[in-house]
Amino acid sequence: MKLKLLSAAICGIFSAVICVSYLFAGAEFEYLGSVSRPEDIGVRKSIFKRSEEVLFGKTEKEEKIVSPYGVVSDGKGKLYVADNGQGLVHLFDSKKKKYEQIYKLPKGRLISPVACALDFRGNLYVSDNRWRKIFVFNKKGKFVQEISNPEIVNPTGIAVGNNFFLYVVDTNGHKVWVYNLARPHLKRDWVFSFGKRGDSDGEFNFPTNIFVSQKGLVYVTDTMNFRVQVFDENGKFVRKFGEIGDIPGCLSRPKGIAVDSQGNIFVVDALKETVEAYNAKYQYVGFLGGKGRNPGQFSLPSGISIDIEDKIYIADSYNSRVQIFLFHP
């Protein structure tokens, strides 16, 4: 592990942070910093805002991350964090030094946001398992539409593919539903689903998270089967990897999953409190983490996102923050 101070800005967010490298099996994770509140990206409260808090106390929803699960970055300075504890999505805009909270609906508000995803237009998709719906917001954080299906039991992980399909993991339904974003006006906008409960290829046991690669491969964390399954964009089984265990390379409670531009696969293991790394050939190469509050340590990590510069964002749920890394194979 190497430690050094950086004086230049990193990720467009930090002016001076500690850089930590973690070496395992030849792989290196470089710590870039963390985000938990607006001040972390250089947002300063206005005199009016500070006076309001002094006179009337804290706002209804505090401007800090409480219990993050889903996370996604647009690679242009915007970081969205689905905060199940606050019932909202935090928007940290490090480029414009702005912070917003997204939660307003035409009739009510977000209750239990789980995961979030972006499409090519910059629209934000948020799964809410209390509403049992997917809510869509535009770039300005304004509500656009809701996507629902009475057959979905518990929508959790979501991802948008290059084929204009929205993939929705139904954890308690043990399947993945696919919605056609290109033809939402048609009656059959839910084009198909795949999976059922079981432990055979293509079957699930409480799946949670999902990722769609640039090549159209769909990665699903099959949580209680302690593995990851890979499908083509039409839901055809391709392969699986991972097995139960509490040692490096094994999975005990896989949650978030993401793939970088080089094909490296990162699986968040909430129970081991690590991020397990595999190369493009599905070979295990190392891990990051362990329980704790220091940089590179986690407490019930969950969601993960990788931006166009291969920066890795990990929702560190019980530490109430998002940690940011670079991976060096």
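One can find the structure itself at the top, above this paragraph.
Calculation notes
- Residues numbered from 1 in each chain as written.
- Predicted model: local features only at pLDDT ≥ 70, side-chain atom pairs only at ≥ 80, totals over all residues.
- Heavy atoms only, no water.
- Pairing = 2+ DSSP bridges.
- Helix = DSSP H or I, 4+ residues; strand = E, 2+ residues; numbered from the N terminus.
- Axes fitted to C-alpha atoms, helices over the stretch in contact; angles between N-to-C directions.
- 1 Å grid on protein atoms, 1.4 Å probe; cavity = no way out; pocket = protein on both sides within 12 Å on 5 of 7 lines; lining within 4 Å.
- Points joined across faces, edges and corners; volume = space filled by probe spheres on them.
- Nonpolar A, V, L, I, M, F, W, Y, C, P; charged D, E, K, R; others polar.
- Buried < 20%, exposed > 50% of the residue type's maximum accessible area, 1.4 Å probe, protein only.
- Polar contact = N/O pair within 3.5 Å; in protein donor to acceptor, adjacent residues only side chain to side chain.
- Contact = heavy atoms within 4.5 Å.

Caption draft 1: Up close: the sheet that holds strand β12 (residues 133–137). Read from one edge of the open sheet, four strands run β10-β11-β12-β13, paired in antiparallel fashion. Edge positions in the sheet fall to β10 (113–118) and β13 (143–148), since each has one partner strand and no second. Here the average twist between neighbouring strands, direction ignored, is 20°. Direction of pairing for strand β11 (residues 124–128) relative to β12: antiparallel, over a ladder of five bridges. Bridge assignment links Y125 to a residue of β12, and that residue is V136.

Caption draft 2: Broad picture of the layout of surface pockets. Reported here for the second largest pocket is a volume of approximately 210 Å³. Lining the second largest pocket are 18 residues, with Y69, N84, V114, K255 and S302 positioned closest to its centre. Mapped onto the lining of the second largest pocket, the elements with two or more residues apiece are β4 (68–73) and β26 (301–306). Taken together, the residues of the lining of the second largest pocket break down into seven nonpolar, ten polar and one charged.

Caption draft 3: Layout of the side chain of N180. Assignment of secondary structure puts N180 in strand β16 (residues 175–180). N180 sits in the buried class, given a relative accessible area of 6%. Separated by 2.9 Å, the side chain of N180 and the backbone nitrogen of A182 make a polar contact. Leave out the neighbours within four places in its chain, and N180 touches F164, F165, D189 and V191.

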